[in-house]
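Close look at the chain arrangement
Each chain, written out:
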Amino acid sequence: MKLHILGSCSGTEPEPGRHHTSLMLEVNESLYVFDAGENCAWKAHTSGLDLTAIRAIFISHPHIDHIGGLPNLLWTLRKLDWCNPHCMAGKAVDVFTSCEPAFAAVLQLLRHTEGGFNINFSLTHHPLHPGVILQNADLAVETLINHHIPDDRSFSFRIVAGGKVIVFSGDVRSIEELTPWLDAGCDLLLMETGHHKVADICHFVQERPQIRHLTFVHHGRDILDRFTDQWLTCTRLLGPDRVCISHDGQTVNFAEPLNRHTMPTVKL
Ligand SMILES: [Zn+2]
Ligand SMILES: [Zn+2]
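Residues numbered from 1 in each chain as written. Chains lettered and ligands numbered in written order. Predicted model: local features only at pLDDT ≥ 70, side-chain atom pairs only at ≥ 80, totals over all residues. Heavy atoms only, no water.

Right, let's get into the pattern of salt bridges. Across all of its chains, the model carries nine salt bridges by this definition. Between Arg221 and Glu13 there is a salt bridge; the shortest N-O distance is 3.0 Å. Of the two residues, Arg221 sits in helix H7 (residues 221–224) while Glu13 sits in the loop between strand S1 (2–7) and strand S2 (22–27), which places them 208 residues apart along the sequence. Between Asp222 and Lys197 there is a salt bridge, and its shortest N-O distance comes to 3.9 Å. Remark: Lys197 occurs in the loop between strand S11 (188–192) and helix H6 (198–206) and Asp222 occurs in helix H7; sequence separation between them is 25 residues. Taking relative accessible area as the criterion, Asp222 reaches 11% and is therefore assigned buried. Where salt bridges share partners, they join Glu13, Glu15, Arg221 and Asp225 into one cluster. (Salt bridge = Lys/Arg side-chain N within 4 Å of Asp/Glu carboxyl O. Helix = DSSP H or I, 4+ residues; strand = E, 2+ residues; numbered from the N terminus. Buried < 20%, exposed > 50% of the residue type's maximum accessible area, 1.4 Å probe, protein only.)

What follows is the structure, given as structure tokens:
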């Protein structure tokens, strides 16, 4: 099982070498997408990932740095089916969002693109709700509502797959919102820093040894403007084997110790 970090940035202005948030979990022969930042299809395809293996796409909330790449991702599936006829025939892609109008707008956009959006695979929208939203032979995905935005439209994810437990914050108002999951422990916490201080998150994790590894995603100015300082803060508080500041194109291979993936991110 592998986790591909396709985009590691929050919704800042365009950043050299970084794109909006998107994660892709490769388990067995299938791919599962968690958030779809603007560059996710390009990054995955040019990294050698077979997008036609996508089974489900989960959008934590309808902000553009999490959903902006969804139209292009769906368009790319159609394009790949054209280039390699019928490679998508009979397949099913499930899209989970908290905002049906946003998904409808994505489809509307695609229908107005040259050639329309005629697909020969099943594309189904599912509203997000708290609790287990998908369970199959590959993985189980559970959600909880967080308070990043009002009206119960922002979600966090807990993924159980390959004998591992992964918590992906999405955007959250406070890490405390994830306490029920984090107190129970996880192998990997993917925590956003677009709205939080690196040191605050490290202190929270420091008190919970049941969180085995912390990887920062969705970087905001706290990391982008002071990478070296923030990296030193992370390693001082948690040690270099337990924390990682992710970069675009990074892959976590769960067959190896997670700390093996910390070093490529160090840019001292
Ligand atoms: Zn965001
Ligand atoms: Zn947001």
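Having put the structure on the table, let's press on.
A few words now on the packing of aromatic side chains. In the structure shown here, the tally under the stated rule is six aromatic pairs. Measuring from ring centre to ring centre gives 6.4 Å for Trp75 and Phe117, while their planes differ by 25°; the resulting arrangement is stacked. Taken together, the residues span a long stretch of sequence, with Trp75 in helix H3 (residues 70–83) and Phe117 in the loop between helix H4 (100–111) and strand S6 (122–127) at a distance of 42 residues. A single burial state applies to Trp75 and to Phe117, both of which are buried. Three or more aromatic residues link up through ring pairs in this structure, and these residues are Phe34, Phe58, Phe96, Phe157 and Phe168. Directly above the aromatic system of Phe204 lies the positively charged group of Arg208, at a separation of 3.7 Å from the ring centroid. (Phe/Tyr/Trp six-rings, centres within 6.5 Å; stacked < 30°, edge-to-face > 60°. Lys NZ or Arg CZ within 6 Å of the ring centre and 35° of its normal.)

Further remarks concern the packing of H3 against H4. For the pair H3 and H4, interaxial distance at closest approach is 10 Å and the crossing angle is 50°. Regarding the angle of H3 to H4, the classification is oblique. The hand of the H3/H4 crossing is right-handed. Of the residues in H4, those in contact with Leu70, Pro71, Leu74 and Trp75 of H3 are Phe103, Val106, Leu109 and Leu110. A per-class count over the contact of H3 with H4 returns eight nonpolar, no polar and no charged. (Axes fitted to C-alpha atoms, helices over the stretch in contact; angles between N-to-C directions. Parallel < 35°, antiparallel > 145°, perpendicular 65-115°, else oblique. Left-handed = near helix turned anticlockwise from the far one by under 90°. Contact = heavy atoms within 4.5 Å. Nonpolar A, V, L, I, M, F, W, Y, C, P; charged D, E, K, R; others polar.)

Turning next to the coordination of the zinc ion (ligand 2). With distances of 2.1 to 2.4 Å, the protein atoms coordinating the zinc ion (ligand 2) are His61 (NE2), His63 (ND1), His148 (NE2) and Asp171 (OD). Coordination geometry of the zinc ion (ligand 2): the four donor atoms subtend angles of 90 to 170° at the metal centre, consistent with an arrangement described as irregular. Sequence spacing of the donor residues for the zinc ion (ligand 2), all on one chain, is H-x1-H-x84-H-x22-D. A separation of 3.4 Å is found between the zinc ion (ligand 2) and the zinc ion (ligand 1), both of which receive a donor from Asp171. (Donors = N, O, S within 2.8 Å, 3.2 Å for Na, K, Ca; no water. Tetrahedral: all angles 85-135°; square planar, octahedral: opposite > 155°, others 65-115°.)

To continue, consider the pairing of S1. Most of S1 is tucked away, with five of its six residues classed as buried. Judged from the four bridges that link them, S1 and strand S14 (residues 250–253) form a sheet pairing that is antiparallel. Considered in S14, the bridge of His4 is made with Thr251. As judged from the five bridges shared by S1 and S2, these two strands associate in the antiparallel manner. Counted as the bridge partner of Leu3 is Leu25 from S2. (Pairing = 2+ DSSP bridges.)

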